[in-house]
Amino acid sequence: MARSDRLFRLLQAMRVMPAPITAARLADETGVSLRSLYRDIDSLRAAGARIEGERGYGYRLIEDYALPPQTFDRAEIEAIALGLAEVQHMGDPALAKAAISVLAKVAATLPDDREQHLFHAISQVYRPDARYSQARDLDAIRQACWQEEALVIRYADKGHAVTERTILPLAIVYTDRTLTVLAWCCLREAFRMFRVERIIDLSAAGTSFRPRRAALLRTYLAELREREASA
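Presented here is an overview of the structure given in this document. Predicted, not measured: the structure shown is a model, and the values here were computed from it. In every chain, residue numbers begin from 1 and rise along the written sequence. Only residues with pLDDT of at least 70 get local features here, since the model is predicted, and only at 80 or more are side-chain atom pairs given and counted; chain-wide, interface and lining totals rely on the full set of residues. The basis for every side-chain value is the complete set of heavy atoms in the structure, and neither hydrogens nor water enter the calculation.

So, about the overall build of the protein chain. By the criteria applied, helices consist of DSSP H or I runs no shorter than four residues and strands consist of E runs no shorter than two, each listed in order from the N terminus. Secondary structure assignment for the protein chain yields eight helices and seven strands. Only C-alpha atoms enter the radius of gyration; for comparison, a globular chain is expected to reach 2.2 Å times N to the power 0.38, where N is the number of residues. A globule of 231 residues ought to have a C-alpha radius of gyration of about 17 Å, yet the protein chain, at 22 Å, is considerably larger. Each of the three principal axes of the protein chain carries a C-alpha extent, and together these read 65 × 40 × 35 Å. Here, residues are in contact when the closest pair of their heavy atoms is within 4.5 Å. Counting contacts in the protein chain only where the partners sit at least 6 residues apart, residues at least 24 apart contribute 56% of the total. The method behind every accessible area is Shrake-Rupley, applied with a 1.4 Å probe, and residues are considered shielded solely by the protein chains displayed. If you sum the accessible surface of the protein chain, you get close to 13800 Å²; carbon and sulfur atoms cover 51% of it.

This is the structure we're talking about:
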């Protein structure tokens, strides 16, 4: 692992893990020896990171040189905390992990009093059950959207009829209780919505539709708005 990547990984671990964090835990998290861990902490301090603590007592990241300081008022902090908490309860493991990481990064840029507001926000989310059931292929769909790559899917409609289609995935929409993929369907030659739980399996088609995703998505959303206006 490159040294810069190792230092970034160490910073991220200190952002996310509850303080104080022992050197042994940090070394295990970043996959280095204790001797290397102590050198890396010294390197981060020399680069401007404020890290409290010492060997035998544990460490705490006070100020993160890699992130510029942010100023949010209390309402904005409540919005951040509420939004990220909602993401963590959606049932999407990848986004839940990302939300925890974002929370830690935002906290690292705040003054101490604002950091406490973030972690002890007045607005809370309580969901005894995840909002959406875990979708097996969600990461693959997300990657295909980012990379603008076509997918081949086997899809069951509401009457349970199964068809194979090549689609150009444009976005994942989180509705009240379902996950829906907005896509261009090459079989129908039209925009279509595919419910994620009805996708039986999928694979990469091996073709790219870059750089058309943004333009196709704008067109699709415009069509949806027109339908809503005329309904």
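There's plenty left to go through after this.
The next point concerns the layout of surface pockets. Roughly 390 Å³ of internal volume is contained in the largest pocket. Sorting the residues of the lining of the largest pocket by element identifies helix H1 (3–16), strand S2 (58–63), helix H5 (93–108) and helix H6 (112–119) as the ones contributing at least two each. When residues in the lining of the largest pocket are grouped by element, the largest group, five residues, is from H5. Among the residues forming the lining of the largest pocket, the class breakdown is 13 nonpolar, two polar and five charged. Using a 1 Å grid laid over the protein atoms alone, points where a 1.4 Å probe fits but cannot get out form a cavity; open sets with protein on both sides within 12 Å along at least 5 of 7 lines form a pocket; any residue with an atom within 4 Å of a point counts as lining. Lining the second largest pocket we find 13 residues, and of these Ser133, Gln134, Ala135, Val196 and Glu197 sit closest to its centre. Looking at the lining of the second largest pocket residue by residue, the class counts come to five nonpolar, three polar and five charged. Grid points are joined across faces, edges and corners, and a volume is the space filled by probe spheres set on the points. Gly is put with the polar residues, along with every residue not named as nonpolar or charged; the nonpolar set is Ala, Val, Leu, Ile, Met, Phe, Trp, Tyr, Cys and Pro, and the charged set is Asp, Glu, Lys and Arg.

On to unusual backbone geometry. Between alanine 19 and the following residue, proline 20, the backbone shows a cis peptide bond with an omega angle of -5°. Summarising the element assignment, proline 20 is placed in the loop between H1 and helix H2 (23–30). The step from arginine 210 to proline 211 runs through a cis peptide bond, and the omega angle for that step is 5°. Counting through the fold element by element, proline 211 comes out in the loop between strand S7 (199–208) and helix H8 (213–230).

As a further point, take the packing of H5 against H6. What counts as an axis is a line fitted to C-alpha atoms, over the stretch in contact for a helix, and the angles between N-to-C directions run from 0 to 180 degrees. Following both chains from N to C, one finds H5 and H6 inclined at 155°, their axes separated by 9 Å at the closest point. Taken together, the axis directions place H5 and H6 in an arrangement best described as roughly antiparallel. Contacts from Leu103, Val106 and Ala107 in H5 reach Glu115, Leu118 and Phe119 in H6. Its residues placed into classes, the contact of H5 with H6 shows five nonpolar, no polar and one charged. Angle categories: roughly parallel below 35 degrees, roughly antiparallel above 145, roughly perpendicular from 65 to 115, and oblique for all the rest.

Let us now look at the nonpolar core. Generally speaking, a soluble globular protein has its nonpolar side chains buried in company with each other. Among the nonpolar cores identified, the biggest contains 20 residues, and Ile141, Leu151, Ile153, Val181, Phe194, Val196 and Ile199 are the most heavily contacted of them. Put simply, the parts of the chain that give this core at least two residues each are helix H7 (138–147), strand S3 (149–156), strand S4 (162–174), strand S5 (179–185) and S7. Every residue in contact with leucine 151, bar those within four places of it in the chain, is listed here: Ile141, Ala144, Arg165, Thr166, Ile167, Pro169, Leu202, Ser203, Ala204 and Ala205. Buried Ala, Val, Leu, Ile, Met, Phe, Trp, Tyr and Cys residues form a nonpolar core when they are joined through side-chain atoms within 4.5 Å. For the exposure calls, accessible area comes from a 1.4 Å probe over protein chains only, and a residue counts as buried if that area is under 20% of its type's maximum, exposed if over 50%, partly exposed in between. By size, the runner-up hydrophobic cluster in this structure holds 19 residues, among which are Ala27, Ala49, Ile51 and Tyr59.

This brings us to the packing of H1 against helix H3 (residues 34–47). It is the contact of H1 with H3, at a shortest axis distance of 10 Å, that shows an interaxial angle of 85°. With respect to H3, the element H1 is oriented roughly perpendicular. Here H1 contributes Arg3, Arg6, Leu7, Leu10 and Leu11 to the contact with H3, which in turn contributes Leu37, Asp40, Ile41, Ser43 and Leu44. Its residues assigned to classes, the contact of H1 with H3 comprises six nonpolar, one polar and three charged.

This part covers the side chain of aspartate 137. If you trace the backbone, aspartate 137 turns up in the loop between H6 and H7. Residue aspartate 137 is classed as buried on the basis of its relative accessible area of 14%. Once residues lying within four places of it in the same chain are set aside, the contact partners of aspartate 137 are Ile199, Asp201 and Leu202.

Note: two strands are recorded as paired if DSSP finds a minimum of 2 bridges between them. If you trace the five strands from one edge of the open sheet to the other, you get S6-S5-S4-S3-S7, paired in antiparallel fashion. Edge positions in the open sheet fall to strand S6 (190–195) and S7, since each of these has one partner strand only. On average, adjacent strands in this sheet sit at an angle of 45° to one another, irrespective of strand direction.

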